[in-house]
Structures are given as structure tokens and as C-alpha cells.
Amino acid sequence: MSDVIELDFRRRNRIGNVMLTGNSVGPVDRSQTFKLSSDPLFVDKVRDIVGLYLSPPNRALVLSIDEKSQIQALDREQPVLPMMPGIPERRTHSYVRHGTTTLFAALDVASGFIIGKCYKRHRAVEFLKFLKEIDAKVPEGLEVHIVMDNYATHKTPKIKAWLARRPHYHVHFTPTSASWINQVERWFAELTRKQIQRGVHTSVRQLEADIRTFIDLHNKNPKPFKWTKSAGQILASVKRFCHKAQQTLCGEL
């Protein structure tokens, strides 16, 4: 057998070539995707939302809101094999679908506390119900700042009218194609990694029960995510990337 073996390495969302030499494994090349926001108000929105994270207003609640739609209740065709010394946890690639649910969630940026509820669909009707759930839990006398994306469900006439009747609610829309700035997306990643991805669910009811349990356990000891980059640092990084991408493109022409 050759000392150097080239093989395809597939790991979730990225595909690359790996060179195996003796006991060492290292990447030869990797392919990644990116998308830059074309929002004409990108700079203003970044400064606005990052400012909320780093210096929230007094007597105000900052909530990062979004929905995780089409969460599948998946049952493995064979039982999951537990992790053992030297052997990773193993599960079948194939599965049986048992329906889907949508989770609406609001992350309290200051405390890390989660307000979440599952619905069968993710229309404006369900979003309005979720806003009412939030409103019922907000202490009186607080201003409420909502960070959310530009999804059409969030901007229907009924939603706008509901918010207009509550002047203490302030909406901050994220730039288009910039979900990374919405902190609840980071919590969704934790939910996916720790509960959904490894779970086995034979019904939507079972899936929703596990999601509620995950939220309850999280809220017993909530911890906020620490936002470390200023708006200036983020915009400078985007500017450097744009210059680099432009130089690469010009070099290939």
C-alpha cells in the first residue's frame, strides 16, 4: 500500500481532499461558500443591532427572535449504537419521517433565557400568537427591542398593526442574508447539535416534547452569548474580504 493515500472526506456541509501520511491527517484543499449582503442599509443595520448587543438601553429588554421551520421527526431504521472507547456513536444514514414542526423562539440577549413554542405551521397567524406569548411574559414598564429578519411573515399588515398599538415595542430588522447577526440562530445551532440531530422521534408530539424539555433545562441555568466584535470591527472585516475577493476575481480575468 502506498505511504500516501488520497481519499474523499465528507463531513456535513463541507467536502475536501485529505492526505493521509503515516499517522497524520491534514487538509489539502477545502471548498467553502459565502454570500455577501446586498442590503443598501447593511452598514446602518449592523451598527444599530451590534449597538443593542454591546450597549443595551436602560430599562429595556432586547429579544432576538426567529423561527426554526420544518424540524423533522426522524426515526432511525436501526437503534443508535452508543459511543464506546475508540468507537464513535453510530447511527443509520437512512431514516423514517414522521412529520414536521416549527419552533418560534425569542432569546433574551442579556440573560440567555429562551421563550419558545412549537406550531404546526409558520405563517403570520402563528407569529402573531407567539408575539402575544412574549407580551404576556414581559414585565410592565420595560421597553422591548426585537431583533428579527425580513421574512414576509414578520411584516404583514396584522403584525404591523399589533406592533403599532404597542409603542414600547421597537423592531430592528437584520440586513438581508445576514442571519449571523441574529443571536437566536446560535441557540438554534445548540438545539440542533445537542437534541435534534442526535434524537430519535417516532412522532411530532414526541419531538415537540423533547424540544420543550431542552428549553426547560436550558432555562434552569441560562447563559447569554457574549458578543465580542464591535460594529467597526465587523465592517472592517467585511471590507477586507470584499477587497480580497475583488483582487482574486480580477486576477482570474
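Because the structure is predicted, anything quoted here is derived from the model rather than measured. Each chain has its residues counted from 1, running along the sequence as written. Residues qualify for local features only when their pLDDT is at least 70, as the model is predicted, and side-chain atom pairs are given and counted only at 80 or more; totals for whole chains, interfaces and linings, by contrast, use all residues. Heavy atoms throughout the structure, all of them, feed into the side-chain values; hydrogens and water do not.

Caption draft 1: Expanded view of the pairing of strand E7 (residues 143-148). Relative accessibility under 20% of the residue-type maximum defines a buried residue, over 50% an exposed one, and the middle range a partly exposed one, all with a 1.4 Å probe and only protein chains included. Only DSSP runs of H or I covering at least 4 residues are called helices, and only runs of E covering at least 2 are called strands; the numbering of each starts at the N terminus. Among the six residues that make up E7, five are buried, leaving the element largely enclosed by the rest of the structure. With five bridges joining them, strand E4 (residues 60-76) and E7 adopt parallel strand pairing. Residue Ser64 lies in a different strand from E7, and its bridge partner there is Val147. A pair of strands counts as paired when DSSP detects no fewer than two bridges linking them. Bridge count for E7 against strand E8 (residues 169-173) is five bridges, and the pairing is parallel. Its bridge partner lying in E8, Val147 is registered against His172. Remark: the E7/helix H3 (residues 157-164)/E8 crossover connection has right-handed handedness. Handedness rule for crossovers: strands pointing away from the viewer, path from the first strand over the helix to the second running clockwise, crossover right-handed.

Caption draft 2: Spotlight on the environment of Ala73. Position of Ala73 relative to the elements: it lies in strand E4. Placed 126 residues apart in sequence, Ala73 and Gly199 show a C-alpha to C-alpha distance of 8.6 Å. For this analysis, residues touch if any pair of their heavy atoms sits within 4.5 Å. What Ala73 contacts, discounting residues up to four positions off in sequence, is Val96, Arg97, His98, Gly99, His201, Ser203, Val204 and Leu207.

Caption draft 3: Representation of the packing of helix H4 (residues 184-196) against helix H5 (residues 204-220) within the structure. Relative to each other, H4 and H5 sit at 120°, their axes nearing to 11 Å. It follows that H4 is oblique to H5 by the angle criterion. The handedness of the crossing between H4 and H5 comes out as right-handed. Residues Trp187, Glu190, Leu191, Lys194 and Gln195 of H4 touch H5, and the partners they reach there are Asp210, Phe214, Ile215 and His218. Gly falls in the polar group here, along with every residue not listed as nonpolar (Ala, Val, Leu, Ile, Met, Phe, Trp, Tyr, Cys, Pro) or charged (Asp, Glu, Lys, Arg). When its residues are assigned to classes, the contact of H4 with H5 shows four nonpolar, two polar and three charged. Comment: axis = line fitted to C-alpha atoms, over the contacting stretch for helices; angle = value between 0 and 180 degrees taken between N-to-C directions. Put simply, angles under 35 degrees are roughly parallel, angles over 145 are roughly antiparallel, angles from 65 to 115 are roughly perpendicular, and the rest are oblique. By the definition used in this description, the sense in which the near helix is turned from the far one sets the handedness, with an anticlockwise turn below a right angle giving left-handed and a clockwise turn giving right-handed.

Caption draft 4: The arrangement of the nonpolar core in detail. In this text, buried Ala, Val, Leu, Ile, Met, Phe, Trp, Tyr and Cys residues form a nonpolar core when linked through side-chain atoms within 4.5 Å. Ranked by internal contacts, the top residues of the largest apolar core, which has 21 residues, are Ile65, Phe127, Phe130, Leu131, Ile134, Ile146 and Tyr169. The set of elements that each furnish at least two residues to this core consists of E4, strand E5 (95-108), strand E6 (114-119), helix H2 (124-137), E7 and H3. No other element matches H2, which puts five residues into this core. Other than its neighbours up to four places away in sequence, Phe130 contacts Ile65, Phe104, Ala105, Ala106, Ile115, Gly116, Lys117 and Tyr119. Counting 16 residues, the second-largest nonpolar core is a separate cluster that includes Leu103, Leu107, Val184 and Phe214.

Caption draft 5: Representation of the pattern of salt bridges within the structure. Think of a salt bridge as a Lys or Arg side-chain nitrogen and an Asp or Glu carboxyl oxygen that are within 4 Å of each other. Counted under the stated rule, the structure contains eight salt bridges. Here Glu190 and Lys194 are joined by a salt bridge, their closest N and O atoms 2.9 Å apart. Residue Glu190 and its partner Lys194 are located together in helix H4, separated by four residues, close to a single helical turn. On the accessibility criterion, Glu190 (14% relative accessible area) is buried.

Caption draft 6: View of H4. Residues Val184, Trp187, Phe188, Glu190, Leu191, Gln195 and Ile196 constitute the buried set of H4. What you see down the axis of H4 is that its buried residues fit within an arc of 155°, all on one side. Of all possible arcs, the one meant is that of the directions from the helix axis to the C-beta atoms.

Caption draft 7: Expanded view of H5. A helix is expected to reach a length of 1.5 Å times the quantity of its residues less one. An ideal rise of 1.5 Å per residue puts 24 Å on 17 residues; H5 measures up with 25 Å between its terminal C-alpha atoms. Taken together, the buried positions of H5 are occupied by Leu207, Glu208, Ile211, Phe214, Ile215, His218 and Asn219. Looking down the long axis of H5, one finds its buried residues gathered within 130° of arc, a one-sided arrangement. Projecting away from the buried face of H5 at angles above 90 degrees are the exposed residues Arg205, Leu217 and Lys220.

Caption draft 8: How the structure looks around the packing of aromatic side chains. A pair of Phe, Tyr and Trp rings is counted when the ring centres sit within 6.5 Å of each other, with Trp represented by its six-membered ring. The angle between the planes then sorts it: under 30 degrees is stacked, over 60 is edge-to-face, the rest tilted. Counted by the stated rule, this structure contains seven aromatic pairs. Between Tyr53 and Trp227, the ring centres sit 4.9 Å apart and the planes meet at 50°, which makes this aromatic pair tilted. Of this pair, Tyr53 sits in helix H1 (residues 42-54) while Trp227 sits in the loop between H5 and helix H6 (231-252), and the two are 174 residues apart along the sequence. Ring centres of Trp187 and Phe188 lie 5.9 Å apart, and the angle between their planes is 55°; this geometry places the pair in the tilted category. Its relative accessible area of 1% is what places Trp187 among the buried residues. An aromatic cluster of three or more residues is present, and its members are Phe104, Tyr119, Phe127 and Phe130. Here, a charge over a ring means that NZ of Lys or CZ of Arg falls within 6 Å of the ring centre while also lying within 35 degrees of the ring normal. Above the plane of the ring of Phe173 lies Lys155, whose end atom (NZ or CZ) is 5.6 Å from the centre.

No statement about biological role is implied by the geometric values presented.
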